[in-house]
Amino acid sequence: MNKARRNWTNTIAAHAVLITYTLIALFPVFVILINSFKTRKAIFRQPLSLPDADSFSLIGYQTVIKQGDFLLYFQNSMIVTVVSLTLVLLFGAMAAFALAEYRFKGNTLMGLYLALGIMIPIRIGTVAILQMMVASGLVNTLTALILVYTAQGLPLAVFILSEFMRQVSDDLKNAGRIDGLSEYRIFFVLVLPLVRPAMATVAVFNMIPIWNDLWFPLILAPAEETKTLTLGSQVFIGQFVTDWNAVLSALSMAILPVLLLYIIFSRQLIRGITAGAVK
Amino acid sequence: MSDQALNRTKKRWHIAVFLAPAVIVYTAIMIIPLFSTLKQSLYIADGQNQVFAGIDNFRTLFGNPAWSDQFWNALKNNGWFFLIHMLVQNPIGVALAAILSHPGLRFSAFYRTAIFIPTILSFVIVGFAWKLILSPIWGIAPSMLDAVGLKSLFEPWLGKEEYALTTLALVSVWQFVGIPMMLIYAALLSIPDEVLEAAECDGIKGMSAFWKIKLPLILPSIGIISILTFVANFNAFDLIYAAQGALAGPDYSTDILGTFLYRTFFGFQLQLGDPYMGSAIATGMFGVILIGVCIYLFGIQTRLRRYQF
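Below is a short write-up of the structure. (Residues numbered from 1 in each chain as written. Chains lettered and ligands numbered in written order. Predicted model: local features only at pLDDT ≥ 70, side-chain atom pairs only at ≥ 80, totals over all residues. Heavy atoms only, no water.)

Together, Leu90, Tyr184, Phe188 and Val189 of chain A together with Val17 of chain B line one region of the surface with nonpolar side chains, adding up to about 400 Å² of accessible area. When residues of the nonpolar patch are assigned to their parent elements, the largest contribution, three residues, is made by helix α9 (residues 183-194) of chain A. One can find Val189 of chain A in helix α9. (Patch = residues over 30% accessible without salt bridge, like charges linked within 9 Å, V, L, I, M, F, W, Y side chains within 5 Å. Areas by Shrake-Rupley, 256 points an atom, 1.4 Å probe, with all protein chains shown as cover. Salt bridge = Lys/Arg side-chain N within 4 Å of Asp/Glu carboxyl O. Helix = DSSP H or I, 4+ residues; strand = E, 2+ residues; numbered from the N terminus.)

Our focus in this paragraph is the side chain of Ser41 of chain B. Residues and elements named next belong to chain B. Looking at the secondary structure, you find Ser41 in the loop between α2 (13-40) and β1 (43-46). At 2.6 Å, the side chain of Ser41 forms a polar contact with the backbone oxygen of Leu38. Ignoring anything within four residues of it in the chain, the contact list for Ser41 reads Gly54, Asn57, Phe58, Tyr276, Ser279, Ala280 and Thr283. (Polar contact = N/O pair within 3.5 Å; in protein donor to acceptor, adjacent residues only side chain to side chain. Contact = heavy atoms within 4.5 Å.)

As a volume, the second largest pocket reaches approximately 1500 Å³. Mapped onto the lining of the second largest pocket, the elements with two or more residues apiece are α1 (2-35) of chain A together with α4 (65-100), α5 (108-120), α9 (178-189), α10 (193-201) and α11 (207-234) of chain B. Residue contributions to the lining of the second largest pocket peak at nine residues, all from α1 of chain A. A per-class count over the lining of the second largest pocket returns 20 nonpolar, nine polar and nine charged. (1 Å grid on protein atoms, 1.4 Å probe; cavity = no way out; pocket = protein on both sides within 12 Å on 5 of 7 lines; lining within 4 Å. Points joined across faces, edges and corners; volume = space filled by probe spheres on them. Nonpolar A, V, L, I, M, F, W, Y, C, P; charged D, E, K, R; others polar.)

Counting residues at the interface gives 87 residues for chain B, matched by 85 residues for chain A. A combined buried area of about 8100 Å² lies between chain B and chain A, and 81% of that area is made up of carbon and sulfur atoms. Of all residues in chain B, Phe18, Tyr26 and Trp138 of chain B give up the largest surface area on contact with chain A, accounting jointly for 11% of the area buried on that side. A salt bridge links Arg123 of chain A to Asp238 of chain B; its shortest N-O distance comes to 3.1 Å. Our count for the chain B to chain A interface comes out at 16 residue pairs in polar contact (both at pLDDT 80 or more). At 20 residues, the largest contribution of residues to the side of chain B that touches chain A is made by α2 of chain B. When grouped by side-chain class, the residues that make up the side of chain B that touches chain A number 67 nonpolar, 14 polar and six charged. (Buried area = accessible area lost by both parts, 1.4 Å probe.)

Residue and element names in this part refer to chain A. Following the sequence through the fold, Leu192 ends up in helix α9. For the pair formed by Leu192 and Ser249, sequence separation is 57 residues and the distance between their alpha carbons is 42 Å. Discounting residues that sit within four places of it in the chain, Leu192 has contacts with Ala93, Phe187 and Met199.

Turning our attention to the pattern of salt bridges. The full count for this structure, using the stated rule, is 10 salt bridges over all chains. Here Asp255 of chain B makes a salt bridge to Arg263 of chain B, at a shortest N to O gap of 2.9 Å. Look at the salt bridges and you will find they share partners, linking Glu101, Asp170, Lys173, Arg177 and Glu183 of chain A into a network.

Let us now look at the packing of aromatic side chains. Summed over the entire model, instances satisfying the criterion amount to 36 aromatic pairs over all chains. Ring geometry for Phe97 of chain A against Phe18 of chain B: centres 5.2 Å apart, planes inclined by 75°, an arrangement best described as edge-to-face. Note that Phe97 of chain A is positioned in helix α4 (residues 70-101) and Phe18 of chain B in helix α2, a pairing that runs across two chains. Since its relative accessible area comes to 1%, Phe18 of chain B is described here as buried. With centroids separated by 5.1 Å and ring planes inclined at 65°, the aromatic side chains of Phe187 of chain A and Phe18 of chain B adopt a geometry described as edge-to-face. With one member in each of two chains, Phe187 of chain A in helix α9 and Phe18 of chain B in helix α2 form a pair that bridges those chains. Classification of Phe187 of chain A as buried rests on a relative accessible area of 0%. (Phe/Tyr/Trp six-rings, centres within 6.5 Å; stacked < 30°, edge-to-face > 60°. Buried < 20%, exposed > 50% of the residue type's maximum accessible area, 1.4 Å probe, protein only.)

This brings us to the nonpolar core. Residue and element names in this part refer to chain A. Formed by 182 residues in total, the largest nonpolar core has its most connected members in Met165, Phe216 and Leu220. Looking at which element gives the most residues to this core, the answer is α4, with 14 residues. Residues within four places of Leu220 in sequence aside, it is in contact with Ile129, Leu130, Met133, Val139, Asn140, Ala144, Leu145 and Val148. (Core = buried A, V, L, I, M, F, W, Y, C linked by side-chain atoms within 4.5 Å.)

Residues in a regular strand project their side chains so that they alternate between the two faces of the sheet. All names here are of chain B. Strand direction decides the pairing type here: β1 and strand β2 (residues 49-52), joined by four bridges, are antiparallel. Following the sheet pairing, Tyr43 is matched in β2 by Phe52. Here β1 folds back onto β2 in antiparallel fashion, the turn holding two residues, of which Gly47 has a positive phi close to 65°. (Pairing = 2+ DSSP bridges.)

What follows concerns helix α3 (residues 56-63) of chain B. Residues and elements named next belong to chain B. All of the buried residues in α3 are Asn57, Phe58 and Leu61. Projection of α3 onto a plane perpendicular to its axis shows the buried side chains occupying an angular sector of 95°, all on one side. Away from the buried face of α3 by more than 90 degrees, exposed residues Arg59 and Gly63 are located. (Arc of directions from axis to C-beta.)

In structure tokens:
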């Protein structure tokens, strides 16, 4: 009886802590979203109440759509993220397969060389990256960003994927070899489908930092037609800083697509992060 | 025999094909720029050409008060930024993970998903959202403090030199608490039930099971989280830039190495960009990160005991 009651108090305490922290985590997002749908007066009078018939207004969104090219920014962010992720996964998986599958001279050394970039951030080399992009005329192109993000993502991708490739059964690959499959077909047809969960993990780890990065878009591609959503909203908010409706709406428009994607993919994402701890 | 050897050497070409794209992109975009940045820190501009100057740039950076004050200020701020993450973010992350991993807890998937939301948002959103909420003009923060009778505690935190950096560090903690939480949660789930049941038979359960059994088992994960936090903090830039601008105001009180590097090499407002001094600062950042990583790899990681189940 006593024990049962103690368990009960424990459960309540656990939920109380978690609910409190959930509120702390969600409160700012909530405040921004509700206020973006209100008139300027209501934003200041009752910042914490939901928009009602009186205070509802879309004026902020109208300003954003008229003044900022958010569709273009969104498209740029999409292109950069999707192409970089594809290249990271493809190149990373190929290199990981070579390191995991074949014994050759310098295998370990090559693994260490590629792993160097896990601990050393690519931003340290920004000065020379900018000079290189200027010299090759790639400044203010999405290609520059794609190249940088591909290089940035590869070290961790190779590291994680080669761990997984080692677990793919040798019998399967040897059976393929006996059937006369080339090494390329063994990789693409037999091995790649088996490491799909690991590829999802790598994609998740890379997607968020690429989408949210401000440093490289600011330095390598600040032109109007190559702005990513992150840089675009930064610049827009900087210009409209006193127009609270516009600022709140711009923030909401930057939050909503990510939030939507997250809600759709959150199960895969969390499974990816906690991979290996299935119980 | 020779036929087989020939066949083998011919067959080995695919290794190069598999490795080439990754190695080329990685070397060209990451390794070569890294080393040419380090090299460039030893040069200065002379008209159009660059001339070798030895350690002159570093002498300026550490010897000339105009530079060295900024550098040490940025490094000190960065250290404080990191300390707050270690003291606030990681304990909260571990505590939340410990509660979440409790077997039979309902809605744990919901809590996990919700608490992770700030982590997926960009620094720009987080920086501006908190700037608005803490703003004295809008008054959300003061009126909420007023509701619990603590209005006198309110200050324009982001505008005051003595609070701004701590406030931003806490905002960053708020954003990233999800990462230690998830990684520790995964580590806690991978502890086998048998170990915990054996401990329970010996009378160790509840809080003492956490301190005596689980915590020692997740120490390697906490070590990894610490070094990840270290590297991320010492090359942070975005949040400070989004909230306070490149001048890291008020009066450079939130300046960290990332913003200092940006201002120096890229130029800002009246200051012209100087790639050579920028390279010197980048080399300094490289040194700091290298020291941290080495301390972790040789001083901490080798001492942590790992358990294989």
